[in-house]
Each structure stands twice: as structure tokens, then as C-alpha cells.
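Structural characterization, general
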Amino acid sequence: MPYRAPLDEIKFVLGMLGADRLAQSDLFAEAGPETIDAILAEAAKLAENVMEPVQRSGDLHPARLENGVVRTSLGFAEAFKAIAAGGWIGISADPEYGGMGLPLTLATCVNEMQSSACLSLQLAPLMAQGQIEALEHHASGALKALYLPKLISGEWSATMNLTEAQAGSDVGALRSKAEPKGDGTFAISGQKIFITWGDHDVAENIVHLVLARLPNAPQGTKGISLFLVPKFLPDAKANTLRAISLEHKLGLHGSPTAVMQYDGATGWLVGAEGGGMAAMFTMMNNARLGVGVQGLGVAEAAYQKALAYAQGRVQGKPLAGGDTIIGHADVRRMLLKMQAMTAVSRAICLDCALSLDMSKATGEKAWAARAAFLTPMAKAFGTDTGCQVADLGIQVHGGMGFIEETGAAQLWRDVRVTAIYEGTNGIQAMDLVGRKLMDGGKAGLALLDEAATTAPEAAATLPDLAEVLQKAVGDTGSALQWLVGQTDMNARFAGAANFLRAFALTLGGHYLLKAALIDPEHRTALARFHAFHLMPEIGGLLASVKRGDSDLGE
């Protein structure tokens, strides 16, 4: 079954979250209902008609390095040009440099559809969007004027270069060097690995953001600076950098993941000396939400594929009647779990994007704190959802799920890395119980307070669901306060992943119950499944959280 963009579902969630507030602000006044409907409709056409048709090609015909030139998968160059021509790369970028200036919330909806259609290809515009934001915040006026219009138009593409063989999650251990050349530029030398879309043939130039260390810079992250290093210099001469190999990966075969070698390549400083991590984190935070949305997008695609298969596959005698396996109780359980997790992930990701937009539009610190708290959750729960839902999709297909022709296996292989890159999900969870609780838990408790208001609203019509949500909010709040009271960070970190999942499931109870109140006829069943089949996990997860690191051994 070909992918179909879930426009009605996306629009419903936007309405439920109150995204109409964006158009009431001066900054996003143009983002009214008609504009949103038009943008989403066109984005759906692109995803369904241009990107989804090259999904299988990317898997069967991987990007390859031939005589120093990277050749991308069949159809990828044409599809990327269509993405660029539609203005989709710069949908939320500054209009001063050619962007649309629309809310990140809308860009997030577009990114979901593109991720569902072809994740390997969607990585290219996602990297550009992150770099655009980093340059908007940290680059000099001259760099902005030269590079932003080209990145926004899609004439040039972008990468981020952090990882080295000895410096993965420990970025401070990097060894790449930057030597001043005396003319305002720097000579960048070193080797970077796992560089997404590090080299290719779909754009005229590739703009690399590279972390490197200046002479006599202190060790650790405080000694790292960020440099813009293009494949081709402004005078069109080739820079001294190259892709020396492409990785052979579990999935995402259509996305060229390169080992990049820099041999005194000319670069320009972005931001302050020693401020590389701060500047790069602008790009990484943008990308963390984007990667969470990648997980969401694959989950939606996997659910659609599994549902269609279950509706058509004849096997056994379903007790629920009918001839196909969708009548089997266990198949229905799997499909409802896939649907519920996808719905919760979508609500969390869009809530995070909306909070970022409202922070930008209003300048209110509460919105910024909310967005910061939701970001690691969007990334980790979104990608965990992608992996788990894609895995369940294989199971629904049975033996055919293990056969590549169905496409179910490709979805799992492609999405699996999303739980690793842009900061592993363990790191996201540690961030949630570490940095994000430095306010004493204020932002997290504010979210729980909001969720708590849904329970009394539902008490009259859905009392059993209201009771489940009320208990989950209380238990999650108690665990949050327990974490805040732990001065030994290992005690926090040991239960971090379980706390993040418990919090996400609690928010899911809030979102889905709220949805059921708005549309009881169509949404109560899913809210009920989530409450009685997924939310029971919360108690066990939080019990584990409060054990701290006492059971991890010495």
C-alpha cells in the first residue's frame, strides 16, 4: 500500500493543541487556517507523489563512492530538486534570506510527511534546516548574506561534523585542528565520521559545519570552536576536503554517510572562539526535534502498511468475524498499540514545536522552558516509537514482514539509527533528569499541572479514564520530585530512560483523553486502549526510577 499523508489527523492535533494562537501573534500573523491547509496539502502531494516513489530505490541502489565522486540513488537528485523548488527547505527560515518565515510547527508537520515517505532523502533538507538556524543565530553578516540564500533555496546542501573515531558522544575528545591563516580564515585539518549526506551529486555545493580546536585551546568542550567549511570556496575553487569512504549501514542506504577528511581546508569561524558547542547546539536542538519527528514519520508509515496488510490477509478463523487477520485479538492489540504510540508521539512533537514557536513569538520564558523540557522527550520517545512501531509492523506481517519486498523490514532498518544519532536516547533521558531539572522541576511540574486539568473535565463522561490519568499525573509528579532530591547524579541517571517514558505515557493519557472529549465518537476507543493497556506501564517504570542505581552493581 502506498503511503497517504494523514492530513486530517495532523490538523486535528494542531487544533487540539491550540496552534491557532500562532496566527494571533505579530510574528506568525500569516499562518492562518487557509495558509496552513494549503501548505499541508501541497506537502502531502510532494511526499506521496515525489518522495515515496524513490523510497525503495534508495534501499536497493545505495549511494556509492566512485573514483572520488559520490553517486546517489536512482531518482534522489530529481526528488531533492523538487523539494528545493517547492521552497520546503526554507519553510521556517528568515524571509530576509529567502525563507517563508512560517512557524516551526508547520515545518514539523511537513517533516513528518517527508519522513514517512522517504527517510533517507528527508535527511538532506533536515540537515540544511538545522544549519540555517545555526547560521541565523551565530554567523557573521557576511556569512549569512553569502550562504543562507543558497542553503534556503536548496542550491547548496548542508552537514554537521561532530563525531570522530575516538570522540562519539564525548565530543570534547575531538582532535580536529583549526590554524589561523592571518586573513580571517582558518586551515581545518582532521577526520570526521558518520557525516550524513557528507558528499553527493544532488546540489552544487555542500556547506560543512565543523567542530575543531584552535591552537592552545583548553581541553574538553570549552576549547571547541565551530567553522563553516564549504566543499567549493566562494571563488568556485575546490576546497581541500573529501569523502574518503561511505559507511555500509543497517539501513538508510540511500543516505550517503561519509568519512570526511579535511587537509588544511579553508574555513570561517561561526560564533565566538571556544563557543563551538553553544553554536552547534542550536543546530542540534533543532535536529533533535526533527529526528523525533523522523521516528514519528516512520511509525505512521509502518502503521499504515501493517493496517492495510491486516485488512487483506486471510488466515485462520478470527473470533471477531470476517476473513482477514484484523479480526484476531492479538493483531488488533498490535495495531492499536502502533496507533496509540504514534498518536502520542505526534502530540508530543507538535506540542514541542508549538512551544518553540510561542517562545519566539512572545518572548515568554515559560514557553521556552516548556519547549526545553519537551525536546529530549520528543527526540527519545519519538524515535523509540518509530523503532517499536516498525518492529510491530514486521510482526503483523508475519513471515512476509521478514521478506524485503513488503517494505516492512526497510522501515525498521531505516528508523533504527534515529534512537542513536543526534544524541542517543540514553543521553536525552539524562538531559531530562539532569539539566532540565535544574529549575527544581518547575517546567515538568507545569506540564503535569496542565495534564491534571483534563481529568476533572472528563470526570462526568469518562470517569474511569479520568481516574487513570489523575493517578498517573500524581505518580509521575512524585517521581519527578524524588529525582530533584537526589544529589548523586548516578541515582538520577539510572532511571532516566524509564522516567522519560513514564512522563511521555502520562502526557499521552492527557492528549488522548482531551482528544476523546473533543471527538468522543471517533477517539474514545484509542484513549481507552492507551489508558488500560499502555499506561499501566507507568507504575512499574516509576518504581524502577525510585530504585536509583542501587541494583546496578559496583
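Just above, that's the structure.
Note that the coordinates shown come from a computational prediction; the quantities given were computed from them, not determined experimentally.

1. Let's talk about the overall build of the protein chain
In terms of helices and strands, the protein chain carries 19 helices and nine strands. Its C-alpha atoms give the protein chain a radius of gyration of 23 Å, within 12% of the compact-globule value 24 Å for 554 residues. For the C-alpha atoms alone, the extent of the protein chain along its principal axes is close to 70 × 55 × 55 Å. For the protein chain, buried positions account for 58% of its 554 residues. Residue pairs in contact within the protein chain that sit at least 24 positions apart in sequence constitute 75% of those at least 6 positions apart. Carbon and sulfur atoms make up 55% of the accessible area of the protein chain, which amounts to about 22100 Å² in all. Averaging the coordinates of the 45 positive side-chain charges in the protein chain and doing the same for the 57 negative ones gives two points 4 Å apart.

2. Focus: the nonpolar core
In this structure, M113, L121 and F499 are the most contacted members of the largest nonpolar core, which totals 166 residues. Contact partners of F499, with chain neighbours within four places excluded, come to L432, V433, T476, A479, L480, L483, L542 and V545. I195, F227, A258 and Y262 belong to the second largest nonpolar core, which has 18 residues in total.

3. A few points about the pattern of salt bridges
In the structure shown here, the tally under the stated rule is 22 salt bridges. Here D59 ties to R56 by a salt bridge, and the two come within 3.2 Å at their closest N and O atoms. Of the two residues, D59 and R56 are both situated in helix α3 (residues 55–60); the distance of three residues between them amounts to about one turn of the helix. By relative accessible area, R56 is classed as partly exposed at 26%. As a salt-bridge pair, E404 and R413 come within 2.9 Å of each other at their nearest N and O atoms. Residue E404 is classed as partly exposed on the basis of its relative accessible area, which comes to 29%. On the basis of relative accessibility, which here comes to 12%, the residue R413 falls in the buried class. Through salt bridges with shared partners, a single network forms among R56, D59, E404 and R413.

4. With respect to the side chain of H208
Looking at the element boundaries, H208 is found in strand β6 (residues 205–213). Owing to a relative accessible area of 1%, H208 belongs among the buried residues under this scheme. In this structure the side chain of H208 is engaged in a polar contact, spanning 2.7 Å, whose partner is the side chain of T159. With residues up to four places along the chain from it excluded, the contact list for H208 reads Q131, T159, N161, G198, F227, L228, V229, K231, L241, M260 and Y262.

5. With respect to helix α18 (residues 520–534)
Spanning 15 residues, α18 covers 20 Å between terminal C-alpha atoms, matching the ideal 21 Å at 1.5 Å per step. Looking at the packing, one finds that the buried side of α18 touches α1 (7–17), α9 (329–362), α15 (463–484), α17 (496–518) and α19 (537–545).

6. A word on the packing of helix α4 (residues 76–85) against helix α6 (residues 119–138)
It is the contact of α4 with α6, at a shortest axis distance of 11 Å, that shows an interaxial angle of 45°. Here α4 is positioned oblique relative to α6, judged by the angle of their axes. Both α4 and α6 take part in a crossing whose hand is right-handed. Residues F76, A79, F80 and I83 of α4 touch α6, and the partners they reach there are S120, L121, A124 and P125. For the contact of α4 with α6, the class distribution of residues is seven nonpolar, one polar and no charged.

7. Some points on the pairing of strand β7 (residues 224–230)
Side-chain direction in a regular strand flips from residue to residue, so the side chains alternate between the two faces of the sheet. The element β7 is largely enclosed, with a buried count of seven among its seven residues. Every second residue of β7 is oriented toward a common face, with I224, L226, L228 and P230 on one face and S225, F227 and V229 on the other, all of them buried. Bridge count for β6 against β7 is seven bridges, and the pairing is antiparallel. Residue pairing for β7: V207 is matched across the bridge by P230.

8. Some points on the packing of aromatic side chains
Within the structure shown, the criterion is met by five aromatic pairs. Here F76 and W197 contribute two aromatic rings whose centre-to-centre distance is 6.4 Å and whose plane-to-plane angle is 15°, an arrangement assigned as stacked. Placement of F76 in helix α4 and of W197 in the loop between β5 (186–196) and β6 is noted, with a sequence separation of 121 residues between them. Taken individually, F76 and W197 each receive the classification buried, so the pair is uniform in this respect. Three or more aromatic residues joined by ring pairs form one cluster here, namely F373, F499 and F503. Sitting over the ring of F12, R523 keeps its end group 3.5 Å from the ring centre.

9. Concerning α4
Among the residues of α4, F76, A77, A79, F80, I83 and A84 are the ones counted as buried. The arc enclosing the buried residues of α4, seen along the axis, measures out at 165°, which places them on a common side. Looking at α4, the residues exposed on the side facing more than 90 degrees away from the buried face are E78 and A85. Residues of α4 that are buried in the fold lie against α2 (33–51), α3, α5 (104–117), α6 and α7 (141–153).

Procedures and definitions
Residues numbered from 1 in each chain as written. Predicted model: local features only at pLDDT ≥ 70, side-chain atom pairs only at ≥ 80, totals over all residues. Heavy atoms only, no water. Helix = DSSP H or I, 4+ residues; strand = E, 2+ residues; numbered from the N terminus. Rg over C-alpha atoms; globule rule 2.2 N^0.38 Å. Buried < 20%, exposed > 50% of the residue type's maximum accessible area, 1.4 Å probe, protein only. Contact = heavy atoms within 4.5 Å. Areas by Shrake-Rupley, 256 points an atom, 1.4 Å probe, with all protein chains shown as cover. Lys, Arg positive; Asp, Glu negative; His and termini not counted. Charge placed at Lys NZ, Arg CZ, Asp CG, Glu CD. Core = buried A, V, L, I, M, F, W, Y, C linked by side-chain atoms within 4.5 Å. Salt bridge = Lys/Arg side-chain N within 4 Å of Asp/Glu carboxyl O. Polar contact = N/O pair within 3.5 Å; in protein donor to acceptor, adjacent residues only side chain to side chain. Expected span 1.5 Å × (residues − 1). Axes fitted to C-alpha atoms, helices over the stretch in contact; angles between N-to-C directions. Parallel < 35°, antiparallel > 145°, perpendicular 65-115°, else oblique. Left-handed = near helix turned anticlockwise from the far one by under 90°. Nonpolar A, V, L, I, M, F, W, Y, C, P; charged D, E, K, R; others polar. Pairing = 2+ DSSP bridges. Phe/Tyr/Trp six-rings, centres within 6.5 Å; stacked < 30°, edge-to-face > 60°. Lys NZ or Arg CZ within 6 Å of the ring centre and 35° of its normal. Arc of directions from axis to C-beta.

So yeah, pure geometry; function would need other evidence.
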